[in-house]
Amino acid sequence: MLALLDKLRTPAVPVTPPLETGGNATRTLDAILRAAAREGASDVHCEPKEDGLVIRFRLDGEMREHARLPLAQRDALLARGKITGGMDITEKRLPQDGRALLQERGRRFHLRMNTVPTVHGESLVVRLLDQSMPAQSFTELGLAPAQATAVQEALTGPAGLIFLTGPTGSGKTTTLHAALHTFDHSSRVIHTLEEPVEYEFPGIRQTEIREKVGLTFATALRAMLRQNPDVILVGETRDAETAQLAVRAALTGHLVLSTLHTNDALSAIPRLRDLGVETFLLAAALRLLAAQRLVRKLCAECKEPHPESARLAAEHQVPGAHFFRPVGCPACRGRGYRGRLAIHEVIPAQKFLPLIAAHAPLAELARLRDREGLCTLWQHGLAAAGAGLTTVEEVARVL
């Protein structure tokens with residue numbers, strides 16, 4: 001596969017729609033992938049249509065059309081993508097996964113590739129993972145100082161359970177990897193279970209889940225516990241067996257980090273109850289709950305003060321806030337936004353444990369959160385908007 005990739009890595013070619021329709025499929029795919037890397041796209045979607053192929057990039061969480069290829073190039077480019085990813089080009093009836101590497105302007109990208117059959121051919125999606133990005137601190141990730149302190153205190157404990165919640169694409173993996181970098185790798189055994197392993201880290205044992213061969217989160221976690229790790233990262237808690245094993249691991253001296261798909265941090269508690277976790281065990285194991293979303297950042301080059309900033313500050317009860325609005329300029333390609341930032345909700349579990357053990361409803365847990373003055377996702381988003389980092393409309397769109 002590396003030999004094939006060497007052929008793919010031709011000199012960078014500026015790509016602006018439309019692409020040359022008579023080009024070689026290898027050069028065309030190379031130009032598309034390099035353009036995506038330069039523009040900071042997280043995904044490239046090659047979508048077959050009746051009359052050709054539509055190329056779209058996901059930029060800052062939003063899909064943007066990049067180019068259209070004619071019907072004559074559609075199948076050749078999709079086949080080239082499958083070859084690059086090490087997939088079987090003769091199999092067009094079943095989904096396939098592949099991977100490859102790309103070097104662009106001194107940066108190294110891992111390409112995660114997937115094909116799915118559609119009525120007009122196979123849809124190809126390439127996810128670009130920038131391996132040259134340094135690990136970020138909690139402050140760089142957007143946590144408020146009090147939130148960063150609460151997370152750090154939970155991570156310094158010898159054992160317990162930490163859950164990060166949010167939908168797919170909300171940056172949970174990045175935050176969990178930042179947490180792993182706070183540990184002394186030379187004195188602690190750290191083992192992760194991920195699907196897939198997106199970033200590789202020296203000093204950490206990483207296992208990729210492969211459900212097709214029976215290596216599920218539950219089976220891998222059960223086996224991993226026999227190796228007595230100090231810190232365990234479970235990429236996703238999605239079934240009852242994994243949830244119960246994670247709680248037991250936390251109760252037997254391991255620090256366990258994992259994720260759940262819930263709307264906010266406190267909703268993780270009824271979700272875990274639904275997965276069969278006993279409330280008294282959960283209360284004994286839980287150390288911290290957090291939720292996360294990604295919002296687009298205003299372009300610093302062209303943002304302008306919102307004409308109704310004072311009204312918005314009063315309406316949303318954010319005294320002293322200065323709201324801005326997007327404009328659009330060459331730096332942000334006319335979008336008004338450039339990059340993304342995370343907003344968070346962080347719940348230290350200590351004061352909630354009696355209510356959790358008593359099987360208190362979610363509304364009662366939320367009232368305690370408000371009495372403790374803990375920041376919700378909406379409040380953190382408003383604070384970011386009031387600081388001129390994003391807009392109220394963007395926070396509302398995400399939440």
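For the structure, check the block above.
This is a predicted model, so every value here is computed, not measured. (Residues numbered from 1 in each chain as written. Predicted model: local features only at pLDDT ≥ 70, side-chain atom pairs only at ≥ 80, totals over all residues. Heavy atoms only, no water.)

Engineer: Which residues make up helix α5 (residues 172–180), and what are the values?
Structural biologist: With 7 of 9 residues buried, α5 lies mostly within the body of the structure. Every buried residue of α5 is accounted for by K172, T175, L176, H177, A178, A179 and L180. (Buried < 20%, exposed > 50% of the residue type's maximum accessible area, 1.4 Å probe, protein only. Helix = DSSP H or I, 4+ residues; strand = E, 2+ residues; numbered from the N terminus.)

Engineer: Requested: an account of the side chain of R296, with residues and values cited.
Structural biologist: Turning to its location among the elements, R296 is positioned in strand β12 (residues 286–298). Reaching out from R296, the side chain makes a polar contact with the side chain of E62 at a distance of 3.1 Å. (Polar contact = N/O pair within 3.5 Å; in protein donor to acceptor, adjacent residues only side chain to side chain.)

Engineer: Outline the sheet that holds strand β7 (residues 160–165), supporting the account with residue identities and numerical values.
Structural biologist: Pairing in this open sheet of 7 strands is mixed, and the strands run β9-β8-β10-β11-β7-β12-β15 from one edge to the other. The open sheet is flanked by β9 (205–208) and β15 (337–348), the only strands paired with a single partner. Averaged over all pairs of adjacent strands, the angle between strand axes in this sheet comes to 15°, irrespective of strand direction. Direction of pairing for strand β8 (residues 190–194) relative to β9: parallel, over a ladder of 4 bridges. Bridge pairing in β9 links T192 to Q206. Helix-sheet contacts for helix α4 (residues 145–155) involve β7, β11 (255–260), β12 and β15, and the interaxial angle to β15 is about 60°. (Pairing = 2+ DSSP bridges. Axes fitted to C-alpha atoms, helices over the stretch in contact; angles between N-to-C directions. Contact = heavy atoms within 4.5 Å.)

Engineer: Tell me about the environment of L124, and please be specific about residues and values.
Structural biologist: By the element assignment, L124 lies in strand β6 (residues 121–130). Put simply, L124 and I89 are 35 residues apart on the chain and 12 Å apart in space, counted from C-alpha to C-alpha. When near neighbours in sequence (up to four residues on either side) are disregarded, L124 contacts V44, H45, C46, L78, G81, M87, M113, N114 and T115.

Engineer: Break down the environment of L69 for me, citing the residues and quoting the values.
Structural biologist: Following the sequence through the fold, L69 ends up in strand β3 (residues 62–70). Along the chain, L69 and A223 lie 154 residues apart, while their C-alpha atoms are 48 Å from each other.

Engineer: Any details on the packing of aromatic side chains? Residues and values, ideally.
Structural biologist: Evaluated as defined, the whole model comprises 0 aromatic pairs. In this arrangement the basic side chain of R296 is found over the ring face of Y337, its NZ or CZ atom lying 4.0 Å from the centre. Between the NZ or CZ atom of K303 and the centre of the ring of F324, over which it lies, the distance is 4.8 Å. (Phe/Tyr/Trp six-rings, centres within 6.5 Å; stacked < 30°, edge-to-face > 60°. Lys NZ or Arg CZ within 6 Å of the ring centre and 35° of its normal.)

Engineer: Break down the layout of surface pockets for me, with residues and values.
Structural biologist: Approximately 370 Å³ is the volume attributed to the second largest pocket. The wall of the second largest pocket is formed by 17 residues, among which E153, R287, P348, A349 and Q350 lie closest to the centre. Of all elements in the fold, only α4 and β12 reach the threshold of two or more residues within the lining of the second largest pocket. In terms of residue class, the lining of the second largest pocket is made up of 11 nonpolar, 2 polar and 4 charged. (1 Å grid on protein atoms, 1.4 Å probe; cavity = no way out; pocket = protein on both sides within 12 Å on 5 of 7 lines; lining within 4 Å. Points joined across faces, edges and corners; volume = space filled by probe spheres on them. Nonpolar A, V, L, I, M, F, W, Y, C, P; charged D, E, K, R; others polar.)

Engineer: Lay out unusual backbone geometry with the relevant residues and their values.
Structural biologist: Cis rather than trans, the peptide bond between E195 and P196 has omega equal to -5°. Along the chain, P196 turns up in the loop between β8 and β9. Residues other than glycine seldom take positive phi values, yet D60 does so here, at roughly 55°. A positive phi angle is found at Q317, which is not glycine, with a value near 55°. With respect to the helices and strands, Q317 occurs in the loop between α10 (309–315) and β14 (324–325).

Geometric descriptors of this kind do not, in isolation, establish any biological role.
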